[in-house]
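As a plain string of letters, each chain reads:
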Amino acid sequence: MPRKLLILLSLLLLVLTGCQGADKEMTTEEIQAQIQVAVDRIPSAEAGPVNLSQAATGYVAALDLTWKESVGRFSTERALKQYSQDLTASISRYAPEVSEVLLSWTVPYHSETEPTMVFSFKKSDDVLEQTELEDRFTDGTFGADAYVLPEETPEPAVSTKLPAKSPIGRTLSADALASTRIPHHKKVILPPTGEPRHKTLLQPKSFAPRHKTNPILPTDDIPAEAQKAAESDAAPAQDAPAS
């Protein structure tokens with residue numbers, strides 16, 4: 001009978017010891033160590049010191065993490081979201097005193113100074129669930145593969161001059177005019193004078209005929225012999241009588 005009583009007392013003592021161990025709270029050093037172990041499981045990730053602060057519902061853990069992979073926007077978003085969920089699941093299991101977690105991720109491939117994504121988690125039914133997300137990729141101007149608008153080029157000056165026209169009426173551009181290499185003749189402006197541009201030939205007034213004619217000489221002063229000789233020369237030659 002005393003032996004059975006001793007066995008029952010031993011079992012009761014073990015149960016009480018286990019309950020006391022389960023109710024024992026973790027120290028801040030133990031919480032930080034458990035979080036560091038969870039961070040070390042993430043590939044290509046590093047974390048700074050774990051900042052713990054006391055809140056009404058438990059501890060608030062804030063971490064600044066760096067992810068060293070060089071991938072594009074969408075691959076980065078998927079990886080950081082998955083790593084954040086795995087990390088908070090480990091904290092919920094191995095550091096139950098933590099009620100809130102703030103994870104700030106920096107990816108040097110996209111920006112060495114500005115956080116890429118920031119996750120906020122709060123405990124609900126003993127599980128840390130995501131409540132907020134700040135994603136710098138959403139504005140489209142962040143990251144190594146962001147779309148950047150080209151620089152604005154000044155608009156060409158608009159000429160107020162009328163376009164030149166070809167001899168057949170088609171409009172020619174300045175380049176076309178330059179390529180023809182046609183010399184441009186300057187317009188000569190004559191001084192205003194009363195004189196006509198073309199000289200006219202003025203003839204003196206005369207009653208003499210424009211065409212010269214053989215003058216008719218008076219016959220009074222011509223000797224008779226000379227007059228007869230002139231008449232004989234002017235008369236047509238007569239045919240000689242046939243013999």
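Residues numbered from 1 in each chain as written. Predicted model: local features only at pLDDT ≥ 70, side-chain atom pairs only at ≥ 80, totals over all residues. Heavy atoms only, no water.

Caption draft 1: Geometry of the overall build of the chain. A tally of regular secondary structure across the chain gives five helices and eight strands. Counting all 243 residues of the chain, 20% fall into the buried class. Relative to all contacts within the chain whose residues are 6 or more apart in sequence, the contacts with residues 24 or more apart total 50%. (Helix = DSSP H or I, 4+ residues; strand = E, 2+ residues; numbered from the N terminus. Buried < 20%, exposed > 50% of the residue type's maximum accessible area, 1.4 Å probe, protein only. Contact = heavy atoms within 4.5 Å.)

Caption draft 2: How the structure looks around helix α2 (residues 28-40). Between the first and last C-alpha of α2 there are 18 Å, a value that for 13 residues agrees with the 18 Å anticipated at 1.5 Å per step. Within α2, the full set of buried residues consists of Ile 31, Ile 35, Ala 38 and Val 39. One side of α2 holds all its buried residues, which, seen down the axis, span an arc of 100°. Exposed and facing more than 90 degrees away from the buried side of α2 are Glu 29 and Asp 40. In the core, the buried residues of α2 are packed alongside β1 (45-47), β2 (51-54), β3 (59-67), α3 (73-94) and β4 (98-106). (Expected span 1.5 Å × (residues − 1). Arc of directions from axis to C-beta.)

Caption draft 3: Geometry of α3. Counted at 1.5 Å a residue, the expected span for α3 with its 22 residues is 32 Å, and the 32 Å between its end C-alpha atoms agrees. What α3 keeps buried is the set Thr 76, Glu 77, Ala 79, Leu 80, Tyr 83, Ser 84, Leu 87, Thr 88, Ser 90, Ile 91 and Ser 92. Turning to α3, the residues buried within the fold contact α2, β3, β4, β5 (117-124) and β6 (127-135).

Caption draft 4: Structural context of the side chain of Ser 84. Looking at where Ser 84 falls in the secondary structure, it is placed in helix α3. Among the polar contacts made by the side chain of Ser 84, one reaches the side chain of Trp 105 at a distance of 2.9 Å. (Polar contact = N/O pair within 3.5 Å; in protein donor to acceptor, adjacent residues only side chain to side chain.)

Caption draft 5: Structural detail: the packing of aromatic side chains. As enumerated under the stated definition, the model contains three aromatic pairs in all. Ring centres of Trp 67 and Tyr 83 lie 6.1 Å apart, and the angle between their planes is 65°; on these two criteria the pair is classed as edge-to-face. On the criterion of sequence distance, the pair formed by Trp 67 in strand β3 and Tyr 83 in helix α3 is long-range, its members being 16 residues apart. This pair shows no difference in class: Trp 67 is buried, exactly as Tyr 83 is. Relative to Phe 142, the ring of Phe 137 lies with its centre 5.4 Å away and its plane at 70°, an arrangement referred to as edge-to-face. The same class applies to Phe 137 and to Phe 142, which are both buried. (Phe/Tyr/Trp six-rings, centres within 6.5 Å; stacked < 30°, edge-to-face > 60°.)

Caption draft 6: The arrangement of the nonpolar core in detail. Core analysis: the biggest nonpolar cluster contains 28 residues, and Leu 103 and Trp 105 have the highest contact counts within it. Of all elements in the fold, only α2, β3, α3, β4 and β5 reach the threshold of two or more residues within this core. Leaving out residues up to four positions away in the same chain, Trp 105 has contacts with Ile 42, Ala 45, Leu 65, Trp 67, Leu 80, Tyr 83, Ser 84, Pro 115, Thr 116, Met 117 and Phe 119. (Core = buried A, V, L, I, M, F, W, Y, C linked by side-chain atoms within 4.5 Å.)

Caption draft 7: A look at the side chain of Asp 135. For Asp 135, the position within the fold is in strand β6. A polar side-chain atom of Asp 135 sits 3.0 Å from the main-chain amide nitrogen of Phe 137. Those residues in contact with Asp 135 that lie beyond four places of it in its chain are Glu 77, Thr 116 and Met 117.

Caption draft 8: Broad picture of the pairing of β4. Within β4, seven of the nine residues are buried, which leaves it mostly tucked inside the rest of the structure. Here β3 pairs with β4 via eight bridges, running parallel. In the sheet register, Val 60 faces β4, and the bridge partner there is Glu 100. After leaving β3, the chain enters α3 and then returns to the sheet as β4, a path that is right-handed. Bridge analysis of β4 against β5 gives six bridges, and the strand direction is antiparallel. Each bridged residue has a counterpart across the sheet, and for Glu 100 the counterpart in β5 is Lys 122. (Pairing = 2+ DSSP bridges. Right-handed = clockwise from strand over helix to strand, strands pointing away.)

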